[in-house]
Amino acid sequence: MSEQTKKPGTGRGPHGPHGPGGRMMPGEKAKDFKGTFKKLMAYMGRYKIALIAVMLFAAGSTVFNIIGPKVLAKATTELFNGMMAKFAGTGGINFERIGQILLLLLGLYALSALLSFIQGLVMTEISQKLCFRFRREISEKINRMPMAYFESRTVGEVLSRITNDVDTLGQSLSQSITTLITSVATIVGILIMMLSISPLMTLIALVVLPVSGGLIGVVVKHSQKYFVAQQKYLGKINGQIEEVYSGQNIIKAFNREEASLAQFAETNQILYQSAWKSQFISGMMHPIMTFVGNLGYVAVAVSGSMLAIRNVIDVGEIQAFIQYVKSFTQPIAQVAQVSNMFQSTAAAAERVFEFLEEPEEDDIAAEAAGMERMSGAVSFDHVRFGYNPEKTIIHDFSCEVKPGQMVAIVGPTGAGKTTMVKLLMRFYDVNSGAIRVDGHDVRDFNRSKLRENFGMVLQDTWLFNGTIMENIRYGRLDATDEEVIEAAKAAHVHRFIQTLPGGYQMELNEDAGNVSQGQKQLLTIARAILADNPILILDEATSSVDTRTEIRIQKAMNNLMKGRTSFVIAHRLSTIRDADVILVMKDGDIIEQGNHDELLSRGGFYAELYNSQFESFDAAAQGA
């Protein structure tokens with residue numbers, strides 16, 4: 001089952017990592033390129049033999065491919081000499097010899113293709129194994145990360161490490177390593193072959209490279225700023241579309257259709273201008289390179305003809321040389337592309353390594369307290385805490401809770417109510433003081449063992465893609481169907497489930513949109529009932545439902561809280577009248593403590609909060 005969470009945009013354009021048309025675009029750069037690559041190479045150390053095999057196969061494939069034109073040149077020379085002998089009447093074309101040469105050529109190309117196939121297969125295996133390992137380690141790392149990490153970052157940022165970065169890493173490695181090996185081998189091999197044919201022609205061919213390189217540099221310099229603008233406004237326009245789509249009801253309610261269209265048109269116009277300029281200017285690369293290349297071919301053909309007339313080289317070698325010249329520029333461009341790919345690889349790897357090197361919470365206590373099931377006695381002893389050391393939120397919190405008691409925590413927003421719950425479950429540790437459960441400091445428990453004794457029902461319901469049966473059973477995976485149904489009955493949601501098509505086997509769709517908010521809440525309560533934990537935490541469980549549904553949820557929660565120590569955080573004070581103890585918090589301290597009647601009779605802060613809620617309700621009713 002997968003979590004029902006809306007996935008953010010991937011941050012990659014629709015044309016892949018190199019922009020429209022596959023042309024290279026300025027990529028993200030790593031802060032520490034050298035250090036990151038050292039770590040990456042260390043990770044790839046276990047595939048050392050396979051990597052050596054990849055290098056050998058790639059080099060071998062390239063070498064056999066490069067030898068091809070030289071062999072073909074012999075067939076061309078043999079054909080030319082035969083024709084000249086036939087015209088002179090001194091002989092004819094030796095087709096047997098030409099056939100032998102062509103069979104040799106076919107064998108070379110077949111061997112080159114086979115080696116290329118094998119190296120591609122091995123490299124793909126290496127890159128995917130590396131991605132598998134990274135994803136596994138990231139997944140395991142997530143479970144060891146402190147809550148502070150996730151609360152200081154967006155969901156999209158964390159998901160991006162697992163999806164985009166690992167995917168980019170795998171694809172870049174698979175392509176860049178083999179491309180680099182074949183490109184370098186091709187450049188060196190072609191140079192050797194060209195020099196073996198004619199050093200003079202090689203010099204003429206190489207003179208063309210700086211000219212084309214300079215012209216390409218000018219084009220890139222002018223197109224880069226437009227590519228950057230294109231990516232920037234592509235992101236903006238995607239954001240606007242997503243915003244308009246998700247907020248369509250608000251836009252229509254406030255008659256902002258024209259304003260949103262005008263904003264979109266403005267961004268779209270800027271995107272259009274930058275896109276066509278970047279495409280046009282970068283599109284000039286090919287005709288410029290073709291023109292300069294053709295000049296080089298002319299120069300090679302003229303010089304080659306003169307050398308052939310002087311019998312310095314054979315006619316077939318001119319044809320082979322032109323093939324080498326045509327093949328020479330491609331690997332140079334590929335090396336430039338690989339350097340850009342290595343930058344994106346390093347940037348992705350750096351982000352992955354940053355995540356894997358994040359500090360972890362200590363799950364295992366030095367001397368772990370052993371307890372199968374807690375009774376639920378909880379004490380807060382002069383607890384002091386702040387998310388940042390310089391900013392204290394909880395100043396001096398003390399409270400004694402007996403097993404089975406219902407403790408309500410109330411107070412204005414920012415008073416520290418939810419923070420107390422996070423400390424109780426050891427999502428964070430106190431700065432000073434202590435929280436004890438059944439007489440043991442919570443820091444003496446292994447975190448996982450401690451949390452086994454807590455059940456939670458939160459304001460934000462959390463359901464999965466899967467059946468209703470599977471969602472409730474998440475509370476206790478070994479529960480039978482009968483136990484799941486009993487939990488649903490206790491949560492007052494059984495009758496509703498029976499009315500659904502498929503009943504307990506109905507699949508919940510994305511965001512569980514086919515059930516209401518109150519029904520989702522009842523399902524999470526059923527899950528908590530099934531889990532049967534001795535201590536419960538209910539955090540604003542009824543804040544987003546109507547009064548009638550709230551009554552049903554309240555009945556379900558009453559069933560849930562029977563015989564359990566319960567901590568209830570609530571803004572609606574009418575829901576916690578029956579609490580054994582009400583803790584009134586303000587600015588991180590307990591300012592009042594007692595039951596509902598006691599606190600009302602004192603006429604203090606709680607009475608003020610309680611009365612203000614009913615005054616607001618009465619005023620709203622009169623206004624209606």
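Quick caveat: nothing in here was measured; it's all calculated off a predicted structure.

Caption draft 1: Summary view of the nonpolar core. Ranked by internal contacts, the top residues of the largest apolar core, which has 46 residues, are Ile 472 and Ile 576. It is helix α16 (residues 517–531) that provides the largest number of residues to this core, a total of 7 residues. Not counting the four nearest positions on each side in its chain, Ile 576 is found in contact with Met 406, Ala 408, Val 410, Val 568, Ala 570, Ile 582 and Tyr 606. Counting 32 residues, the second-largest nonpolar core is a separate cluster that includes Val 378, Phe 397, Cys 399 and Val 421.

Caption draft 2: Layout of a nonpolar patch on the surface. A grouping of Leu 79, Phe 80, Met 83, Met 84, Phe 87 and Val 315 is seen on the molecular surface, where their side chains present a nonpolar patch of about 550 Å² in accessible area. Of the residues forming the nonpolar patch, the biggest block, 5 residues, is contributed by helix α2 (residues 48–88). For Phe 87, the location among the structural elements is in helix α2. Residue Phe 87 is classed as exposed on the basis of its relative accessible area, which comes to 67%.

Caption draft 3: Region of the structure containing the pattern of salt bridges. All chains considered together, the criterion is met by 15 salt bridges. A salt bridge links Arg 133 to Glu 137, with the shortest nitrogen-to-oxygen separation between them at 3.2 Å. Of this pair, Arg 133 and Glu 137 both sit in helix α3 (residues 95–142), 4 residues apart, which is roughly one turn of the helix. Pair check on accessibility: Arg 133 and Glu 137 agree, each one buried. In this structure, Lys 449 and Glu 452 form a salt bridge, with 3.6 Å as the shortest nitrogen-oxygen distance. Connected through salt bridges with shared partners, the residues Arg 426, Asp 429 and Arg 447 form a single ionic network.

Caption draft 4: The arrangement of the confidence of the model for the protein chain in detail. The pLDDT averaged across the protein chain works out to 79; a share of 88% of its residues lies at or above 70. Averaged pLDDT values over the elements of the protein chain bottom out at 65 in helix α19 (residues 605–623) and peak at 91 in helix α13 (residues 468–473).

Caption draft 5: Examining the pairing of strand β9 (residues 535–539) more closely. With respect to burial, β9 is a largely interior element, 5 of its 5 residues being buried. Residues Ile 535, Ile 537 and Asp 539 line one face of β9 and the alternating positions Leu 536 and Leu 538 line the opposite face, and both faces are buried. Pairing geometry for strand β6 (residues 454–458) and β9, over 5 bridges, is parallel. Bridging from a neighbouring strand, Phe 454 pairs with Ile 535 of β9. Strand direction decides the pairing type here: β9 and strand β10 (residues 565–569), joined by 5 bridges, are parallel.

Caption draft 6: The arrangement of the sheet that holds strand β5 (residues 440–441) in detail. Pairing within the open sheet is antiparallel, and its 4 strands lie in the order β2-β1-β4-β5. Of all the strands in the sheet, just β2 (394–401) and β5 have a single pairing partner and so form its edges. Pairing of strand β1 (residues 378–385) with β2 involves 5 bridges; the strand directions are antiparallel. Within β2, the residue paired with Ser 379 across the bridge is Glu 400. Most of the contacts of helix α11 (residues 417–424) go to β1, to which it runs at about 115°, and overall it touches β1, β2 and β4 (432–437).

Caption draft 7: Summary view of unusual backbone geometry. Despite not being glycine, Asn 255 has its phi angle at roughly 55°, a positive value. Residue position: Asn 255 is located in the loop between α7 (248–253) and α8 (257–283). At Asp 438, a residue that is not glycine, the phi angle is positive and equals roughly 55°.

Caption draft 8: Expanded view of α8. Between its first and last C-alpha atoms α8 spans 37 Å; for 27 residues at 1.5 Å apiece the expected length is 39 Å, and the two agree. Here α8 has its buried residues at Ser 260, Thr 267, Leu 271, Ser 274, Ala 275, Ser 278, Ile 281 and Ser 282.

Caption draft 9: Local environment of a positive patch on the surface. Residues Arg 495, Arg 548, Arg 552 and Lys 555 make up a contiguous surface patch of positive charge. Sort the elements by how many residues they give to the positive patch and helix α17 (residues 547–561) lands first, with 3 residues.

Caption draft 10: How the structure looks around the environment of Asp 165. Counting through the fold element by element, Asp 165 comes out in helix α5 (residues 155–197). Of the residues examined, Asp 165 reaches a relative accessible area of 7% and is grouped as buried. In this structure the C-alpha to C-alpha distance between Asp 165 and Glu 350, which are 185 residues apart in sequence, comes to 9.1 Å. Apart from residues no more than four positions distant in its own chain, Asp 165 is found in contact with Ser 160, Ala 348, Arg 351 and Val 352. Within polar-contact distance, the side chain of Asp 165 engages the side chain of Arg 351 at 2.7 Å.

Caption draft 11: Region of interest: the packing of aromatic side chains. Within the structure shown, the criterion is met by 10 aromatic pairs. Consider the rings of Phe 380 and Phe 397, whose centres lie 4.9 Å apart with planes at 75°: the pair is edge-to-face. In this pair, Phe 380 is assigned in strand β1 and Phe 397 in strand β2, connecting sequence segments 17 residues apart. Accessibility expressed as a relative area gives 0% for Phe 397, which makes it buried. Ring centres of Phe 385 and Tyr 428 lie 5.7 Å apart, and the angle between their planes is 55°; this geometry places the pair in the tilted category. Of this pair, Phe 385 sits in strand β1 while Tyr 428 sits in the loop between α11 and β4, placing them 43 residues apart in sequence. Using a relative accessible area of 2% as the deciding quantity, one classes Phe 385 as buried. Linked through ring pairs, Tyr 43, Phe 134 and Phe 353 together constitute an aromatic cluster.

Caption draft 12: Seen up close, the sheet that holds β9. One open sheet accounts for 6 strands, arranged β6-β9-β10-β3-β11-β12; its pairing is mixed. Each end of this open sheet is capped by a strand with a single partner; those strands are β6 and β12 (589–594). With direction set aside, neighbouring strand axes in the sheet form an average angle of 20°.

Calculation criteria
- Residues numbered from 1 in each chain as written.
- Predicted model: local features only at pLDDT ≥ 70, side-chain atom pairs only at ≥ 80, totals over all residues.
- Heavy atoms only, no water.
- Core = buried A, V, L, I, M, F, W, Y, C linked by side-chain atoms within 4.5 Å.
- Buried < 20%, exposed > 50% of the residue type's maximum accessible area, 1.4 Å probe, protein only.
- Helix = DSSP H or I, 4+ residues; strand = E, 2+ residues; numbered from the N terminus.
- Contact = heavy atoms within 4.5 Å.
- Patch = residues over 30% accessible without salt bridge, like charges linked within 9 Å, V, L, I, M, F, W, Y side chains within 5 Å.
- Areas by Shrake-Rupley, 256 points an atom, 1.4 Å probe, with all protein chains shown as cover.
- Salt bridge = Lys/Arg side-chain N within 4 Å of Asp/Glu carboxyl O.
- pLDDT = per-residue confidence, 0-100.
- Pairing = 2+ DSSP bridges.
- Axes fitted to C-alpha atoms, helices over the stretch in contact; angles between N-to-C directions.
- Expected span 1.5 Å × (residues − 1).
- Lys, Arg positive; Asp, Glu negative; His and termini not counted.
- Charge placed at Lys NZ, Arg CZ, Asp CG, Glu CD.
- Polar contact = N/O pair within 3.5 Å; in protein donor to acceptor, adjacent residues only side chain to side chain.
- Phe/Tyr/Trp six-rings, centres within 6.5 Å; stacked < 30°, edge-to-face > 60°.

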